[in-house]
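# Overview (structure and organization)
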Amino acid sequence: MNALMPWITPEIFTTLTALLLITTQALGLLRTQTQAYLITLIALTLATLTTLLIPPHTQSYWAEQYLWNDSIRTTKLLFLLLALWITWLTHQNPHELTPRLPEFHALTLLAFTGLLLLPSAQSFPTLFISLELITVTLYILVSYHRTHPPALEAGIKYLIIGSVASAFMIMGIAYLFGFTGTLQFKTITTHNVWSSTPAPLWIAPLFLLAGIAFKASLVPFHAWAPDVYQGTNHPTTALLATASKAAAVLLLFFLFTGPLRLLLSYPSFLHIFLTLGLLSILIGNFSALHQPNLKRLLAYSGIGHAGFMALPLTHFDTAGQTALLTYLLTYLLASITTFTVLTHVTPQNDTPITQYTALAKRNPLLALALTLALTSMAGIPPLPGFTGKWLIFTHLWQHGHHLTLAIALISTVVALAYYIAIIKTLFSSTPPHLTDPPPTPIHLPLSTTCLITLLSATLVILGLWPTPLLHITASLL
């Protein structure tokens, strides 16, 4: 245990801080909401610095349940940056969560503890516990306003569908153990059962895939996403759209470059990813076309993006892995920018697109940042979203999936239609009726102005010069 201690220090920071916040809140020791924010921020900063300072290593610890290496370090840094952003976002919009803000910070920290454990997991029990720590805390965060009917409905839907997905996963793990006699990734990877692939063995990876597809909101496990996005508070929606989705996509990456990689040598299994990807792209993008609510539209858009990220798994060579991770990073950057703007334009969790009319007059910086983020999501050059889509399209073309490529291109054009419609709303004028109030200017604090400027600049720079983006992708491989 002493040898393991340095490598689990980030998880120790987040867990102990969550317990500290819950205890001090219960004892009435937290005088202001700002104290909870500062404690959380300090803990996450220390966890980030610790992660940067931990020496590189490739050894497994804790009876080979936990692994640390450079790619895992990069993944954990990504999650910690997302945690810092979610914490800052919560502080910018505290009225949604008052008076139980310290509890919200504590639950967020516990969710990120699971996210930090996830990339180091080297067995299915450790993996499942990490996922459930994330999922159970999200059940609470989604329905945080239990007296608010939309939040309660979102929480019930997420709980029911999430419980079914967890049951699928545990059943898949049980079947896998029955066939291989082990739950260790290293042993499963080299087990001779994959050489014969008896028909019942397919049940295990299919059940596992069903559980992960729920977390990634892939069709047909996507039905929860629009209602949950619309019904819950902004910080939780941002967490679901970024960190939770990233965890699901990276979990697919870990499993199919690790213990289940031999399954990808069977064409019949690859057709499953092709089907899931195409259905998600088509249903997600076409469903988003006529959505009047921005968060609901982003949910359907996220389903379409998850479909794009499933396509490289059909031929998961180095180029496919690079395409998947690059697309994920560009999607995360655009989503972070979008939710940062959304929180400051519509802080009351009511996000009709009509409220974004003439945003360019109310605050040009917010309108510019949202335009860049949506343009990147649409895959228009010279923004980084184009790099992610180009790599996936090139990968499909090189492996002869010409029909799939054509469908993906058509869906991209459909997505472009609703993204442009939103951008048009941002720069349109309000109807010139005397009864209409003039647009109210939106004044931003200095920290928000700096962050949005930084995000906008990053979108432009990585679009024009994608080399740093590809370097980050390479460090995750």
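The tendency in soluble globular proteins is for nonpolar side chains to be buried as a group. Ranked by internal contacts, the top residues of the largest apolar core, which has 146 residues, are Trp-85, Phe-124, Leu-127, Tyr-158, Leu-255 and Phe-256. Counting five residues, the second largest nonpolar core, distinct from the first, contains Trp-7, Ile-8, Ile-54 and Tyr-66.

Scanning all chains against the criterion turns up four salt bridges. A salt bridge links Glu-11 to Lys-76; its shortest N-O distance comes to 2.8 Å. Linking Glu-11 in helix H1 (residues 9-26) with Lys-76 in helix H3 (residues 70-92), this pair joins segments that are 65 residues apart in sequence. Note that Asp-227 is salt-bridged to Lys-157, the shortest N-O span being 2.5 Å. Residue Asp-227 is found in helix H10 (residues 224-231), and its partner Lys-157 is found in helix H6 (residues 149-180); the two are separated by 70 residues along the sequence. Take Lys-157: its relative accessible area is 27%, and that puts it in the partly exposed class. A cluster of three or more residues bridged by salt bridges with shared partners is formed by Lys-157, Asp-227 and Arg-296.

This part takes up the environment of Leu-183. In this fold, Leu-183 is placed in the loop between H6 and helix H7 (185-189). Along the primary structure Leu-183 and Phe-124 are separated by 59 residues, whereas in three dimensions their C-alpha atoms are 5.5 Å apart. Setting aside chain neighbours within four positions, we find Leu-183 in contact with Ser-123, Phe-124, Pro-125, Ile-173, Phe-177 and Ile-188.

With 21 residues, helix H2 (residues 33-53) ought to run about 30 Å at 1.5 Å a step, and its terminal C-alpha atoms sit 31 Å apart, in line with that. Buried within H2 we find Ala-36, Tyr-37, Thr-40, Ala-43, Leu-44, Ala-47, Thr-48, Thr-50 and Thr-51. Down the axis of H2, the buried side of the element spans an arc of 165°, and every buried residue falls inside it. What points out from H2, more than 90 degrees from its buried face, is the exposed set Ile-42 and Leu-53. Residues of H2 that are buried make contact with H1, H3 and helix H4 (101-117).

We now examine a nonpolar patch on the surface. Side chains of Leu-38, Ile-42, Leu-46, Leu-49, Leu-52 and Leu-53 sit close together on the surface and give an oily, nonpolar patch of about 590 Å² of accessible area. Along the chain, Leu-53 turns up in helix H2.

Another point: the packing of aromatic side chains. The final tally for this structure, using the stated rule, is 14 aromatic pairs. Members of the aromatic cluster, each reached through a chain of ring pairs, are Tyr-139, Tyr-158, Phe-214 and Trp-224.

Another point: the environment of Ile-156. In this structure, Ile-156 sits in helix H6. Residue classification places Ile-156 among the partly exposed residues on the basis of a relative accessible area of 45%. Residues Ile-156 and Ile-407, spaced 251 residues apart in sequence, show a C-alpha to C-alpha distance of 35 Å.

Cut-offs used in this document
Residues numbered from 1 in each chain as written. Predicted model: local features only at pLDDT ≥ 70, side-chain atom pairs only at ≥ 80, totals over all residues. Heavy atoms only, no water. Core = buried A, V, L, I, M, F, W, Y, C linked by side-chain atoms within 4.5 Å. Buried < 20%, exposed > 50% of the residue type's maximum accessible area, 1.4 Å probe, protein only. Salt bridge = Lys/Arg side-chain N within 4 Å of Asp/Glu carboxyl O. Helix = DSSP H or I, 4+ residues; strand = E, 2+ residues; numbered from the N terminus. Contact = heavy atoms within 4.5 Å. Expected span 1.5 Å × (residues − 1). Arc of directions from axis to C-beta. Patch = residues over 30% accessible without salt bridge, like charges linked within 9 Å, V, L, I, M, F, W, Y side chains within 5 Å. Areas by Shrake-Rupley, 256 points an atom, 1.4 Å probe, with all protein chains shown as cover. Phe/Tyr/Trp six-rings, centres within 6.5 Å; stacked < 30°, edge-to-face > 60°.

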